[in-house]
Amino acid sequence: MRALLLARATAGLSVTELLAARVASQRAIAGLLDRGALVREGDVVRLRLPVGWFVRSKTPEPERRRADRRCADLLLREGERARDAIRGDPVGAGKALDRIAKDLLLLVSDDAPETAVRAALALEPILTGRLDREVVFGVWRRATRAAAEAPRATRAKVTLAWVRTMIARGDHEAAEELLRAGDDLGADPLWAAYRAIFLAHIEAWRGGLGSARALLDEADHALAGEALPEPTRTHAREDAMLQRVFVAFQAGELDETERLCRRLAADAARTPSLRMVSLARRFSAEVLLRRDRPAEAAQLLERTRDDLFAYGDAAGALFLWSRRVEALKAAGEAARAKEEARAARTMAARAGEGAFELAVLRALDEGDIPAARVSELSWQSQIRSLRQEAEAWLAGRAGREPVTMLQLDPATGVASSGDRRVSFARSRTLFVLLDALASALARGKALSADELFALGWPEEHAEKASKKQRVQTAIWTLRKKLLGDALVTEPHGYSLAPSIRVVRTE
């Protein structure tokens, strides 16, 4: 019972794991539940915070540390067991990881490097597709620092996990840089295989199909020996086969793509590897789309997208969503394609994932996404084909005449737009914000609430909620007095509509 009370007060511990590790007996757990010291959620028990804090405050530090280590080990073992089951049971294992994710995230910042690395690697399946870039990349930065003195095999796993996360978001150039910087990891068999697989994927996106095939041959060679244990080797072979499918599709070899899809799906079903079965179905849908059967393709892509959302892979699902949008357009369902493209774009924009915003671009117009936003995302994109699509989209709108003139007179603080003329002489803060938005329009940039507050109230400090309220009030006033809908709310701030032409009076 004492061991339970000394566990970290925030940790959700599995009753099954506690009994197996002999941390507590069923009687002890039942007794603490009856007294209200523990809260039970399914197979998980959590300490009530006041109880945990009180007991820990009365316990000598050495004993607390030992209890923390034991608690951490229980959480890590549970996380690793769920991670190892993710291919065969992505929904169940994903839920198990989600349940202890907060506890594992705390362990990523643990002072013990080995604990931090184990926690990050246990979380990898749900981090790869999670739409929270700041949190996810922060985990891999901390894990990389923690693994700096670890054995080569551990460093290889951490680097590959970070690369996989980057590739899932379209950060191909950053991923390639990491892969090519890992020369000291070359002797590790896992690194050798996956380095070639990931580089092949990046090359195939660029159109370097010969290089991609050579890299996959290199991966097959690395996987031919007995250096990698099972099931790691089987999983790596599945991943390599998926890239074979992708290369064949990129090469326009549709019969070969279908053959490889059937083979991949059959092998993955035996493993089992449910996510891989779904991805094989995705390429079958792509072949249908190329063969002018878009309605059937759209159905398969919807099913695959929904599978990936259910598996916790929101990043992969967003990309599949963009492919479904293309299929709907090809099937003549333009209205539905635009509706779904708007929904996908909103989700991507809120998550700060620009590549996925660009992926649905062809179904959108300036009423859905400002040209300034497209211009900003275009130069940032690390995938050449997405940059080219964005440039073509922008070029198709370059010849259109702006419909609204915004005239600014910095000397007098007067602004006019259409038949509206407003003096901001007594509201210089509003004019400063308006002028900043006009300058940002020329750079294709939206300004965040924090940026606008710093410009409008440079000498003041305020709470975040207060800053947000002041900026929102200023934006509302500018809309009411002058700009109306031409002052656009973006996912990351505010911008002027691309239809505005700014003229400043000298």
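The structure under discussion appears in the preceding block.
In what follows, the accompanying structure is described.

## A closer look at the overall build of the chain
Regarding its fold elements, the chain presents 24 helices and 9 strands. With respect to the three principal axes, the spread of C-alpha positions in the chain is 80 × 65 × 45 Å. Here the chain, with 506 residues, has 50% of them falling under the buried criterion. For the chain, contacts bridging at least 24 residues in sequence account for 61% of all contacts bridging at least 6. Accessible surface computed for the chain: about 24100 Å², of which carbon and sulfur atoms make up 51%. Seen as two clouds, the 81 positive and the 72 negative side-chain charges of the chain have centres 4 Å apart.

## Comments concerning the packing of helix α14 (residues 254-270) against helix α15 (residues 274-290)
Remark: α14 packs on α15, axes separated minimally by 8 Å, with the N-to-C direction vectors making an angle of 160°. One element, α14, and the other, α15, form an angle in the roughly antiparallel class. The handedness of the crossing between α14 and α15 comes out as left-handed. Contacts from Leu254, Thr257, Glu258, Cys261, Leu264, Ala265, Ala268 and Ala269 of α14 reach α15 at Met276, Val277, Ala280, Phe283, Ser284, Val287 and Arg290.

## Digging into the nonpolar core
Across soluble globular proteins, nonpolar side chains have a tendency to be buried as a group. Counting 125 residues, the largest nonpolar core has Leu104, Leu123, Trp140, Leu179 and Phe198 as its most contacted members. With 11 residues, helix α11 (residues 189-206) is the largest single contributor of residues to this core. Excluding its chain neighbours within four sequence positions, the residues that come into contact with Phe198 are Leu160, Val163, Arg164, Ile167 and Leu179. In this structure, Leu430, Phe431, Leu437 and Leu478 belong to the second largest nonpolar core, which totals 31 residues.

## Here's the deal with the sheet that holds strand β6 (residues 420-423)
Overall, mixed pairing links the 4 strands, which are arranged β6-β5-β4-β9 in an open sheet. Single-partner strands in this sheet number two, and they are β6 and β9 (500-504). Ignoring strand direction, the axes of neighbouring strands in this sheet form an average angle of 15°. Of the strand pairs in this sheet, strand β5 (residues 414-417) and β6 are connected by 4 bridges, and their pairing is antiparallel. Counted as the bridge partner of Ser416 is Arg421 from β6. Packed onto the sheet, helix α24 (residues 464-483) meets β4 (404-409), β5, β6 and β9 and runs at close to 130° relative to β6.

## So, the packing of helix α7 (residues 113-128) against helix α8 (residues 133-146)
The geometry of a pair of packed helices is captured by two quantities: the angle between their axes and the separation between those axes. α8 packs onto α7 with a crossing angle of 145° between their chain directions and a minimal axis gap of 9 Å. Here α7 runs over α8; the crossing is left-handed. Between α7, through Pro113, Ala116, Val117, Ala120, Leu121, Glu124 and Leu127, and α8, the contact on the second element is made entirely by Val136, Val139, Trp140, Ala143 and Ala146.

## Some points on the sheet that holds strand β3 (residues 44-47)
In spatial order, the strands read β1-β3-β2; together these 3 strands make up an open sheet with antiparallel pairing. Two strands in the sheet have a free side with no partner beyond their single neighbour: β1 (13-14) and β2 (38-41).

## Quick look at the pattern of salt bridges
The full count for this structure, using the stated rule, is 48 salt bridges. Here Asp267 and Arg270 are joined by a salt bridge, their closest N and O atoms 2.4 Å apart. Within this pair, Asp267 and its partner Arg270 are both found in helix α14, separated by 3 residues, close to a single helical turn. Residue Asp267 is classed as partly exposed on the basis of its relative accessible area, which comes to 31%. Judged by relative accessible area, Arg270 falls into the exposed class, the value being 62%. Among the ionic pairs, Glu490 bridges to Arg345, the shortest N-O distance being 3.5 Å.

## A short note on the pairing of β3
When β1 meets β3, the two strands line up antiparallel, connected through 2 bridges. Bridging from a neighbouring strand, Ser14 pairs with Val44 of β3. Bridge count between β2 and β3: 4 bridges; the pairing is antiparallel. Note on β3: the bridge partner recorded for Glu41 is Val44. Connecting β2 to the next strand, β3, in antiparallel fashion are 2 residues, including Gly42 with a positive phi near 65°.

## Some words on the pairing of strand β7 (residues 487-490)
Along any regular strand the residues' side chains alternate between the sheet's two faces. Alignment of β7 against strand β8 (residues 493-496), held across 4 bridges, turns out to be antiparallel. From the neighbouring strand, Thr489 faces β8, where its bridge partner is Tyr494. The loop that links β7 with its antiparallel partner β8 comprises 2 residues.

## Remarks on the packing of aromatic side chains
For the structure shown, the criterion picks out 8 aromatic pairs. Seen in terms of ring centroids, Trp205 and Phe246 are 5.7 Å apart; in terms of plane orientation they differ by 50°. Their pairing is tilted. Placement of the pair is Trp205 in helix α11 and Phe246 in helix α13 (residues 232-250), with a sequence separation of 41 residues. The class for Phe246 is buried, based on a relative accessible area of 6%.

## Some thoughts on helix α9 (residues 152-168)
Its 17 residues give α9 an end-to-end C-alpha distance of 24 Å, which sits within 8% of 24 Å, the value for a rise of 1.5 Å per residue. The inward-facing, buried residues of α9 contact α7, α8, α10 (172-180) and α11. Looking one or two residues past α9, Gly170 carries a phi angle of roughly 80°, positive in sign.

What counts, and where the lines are drawn
- Every chain is numbered independently, its residues counted from 1 as its sequence is written.
- Reporting in this predicted model follows two pLDDT cut-offs: at least 70 for local features of residues, and 80 or more for side-chain atom pairs to be given and counted; totals over whole chains, interfaces and linings ignore these cut-offs and use all residues.
- Side-chain figures throughout are based on the complete set of non-hydrogen atoms in the structure, without hydrogens or water.
- Where helices and strands are cited, they refer to DSSP runs of H or I of at least four residues and of E of at least two residues respectively, numbered from the N terminus.
- Each residue is assigned to one of three classes by its accessible area relative to the maximum for its type, calculated with a 1.4 Å probe on protein chains only: buried under 20%, partly exposed between the two thresholds, exposed over 50%.
- Throughout, a contact is declared for two residues whenever any of their heavy atoms are within 4.5 Å.
- The method behind every accessible area is Shrake-Rupley, applied with a 1.4 Å probe, and residues are considered shielded solely by the protein chains displayed.
- Neither His nor the chain ends is counted toward charge; the positive residues are Lys and Arg and the negative residues Asp and Glu.
- By convention, charge coordinates are those of NZ in Lys, CZ in Arg, CG in Asp, or CD in Glu.
- Orientation is described by lines fitted to C-alpha atoms, with helices fitted over the stretch in contact, and by angles between N-to-C directions that extend from 0 to 180 degrees.
- Between 65 and 115 degrees an angle is taken as roughly perpendicular, under 35 as roughly parallel, over 145 as roughly antiparallel, and anywhere else as oblique.
- Should the near helix be turned anticlockwise from the far one by less than a right angle, the crossing is left-handed, and should it be turned clockwise, the crossing is right-handed.
- Nine residue types can take part in a nonpolar core, namely buried Ala, Val, Leu, Ile, Met, Phe, Trp, Tyr and Cys, and a core is a set of them joined through side-chain atoms within 4.5 Å.
- For two strands to be treated as a pair, DSSP must find at least two bridges joining them.
- We define a salt bridge as a side-chain nitrogen of Lys or Arg found within 4 Å of a carboxyl oxygen belonging to Asp or Glu.
- Here a Phe, Tyr or Trp ring, Trp counted by its six-membered ring, pairs with any other such ring whose centre lies within 6.5 Å, and the pair is stacked when the planes are under 30 degrees apart, edge-to-face when over 60, and tilted otherwise.
- Given a helix with a known number of residues, its expected span is that number minus one, times 1.5 Å.

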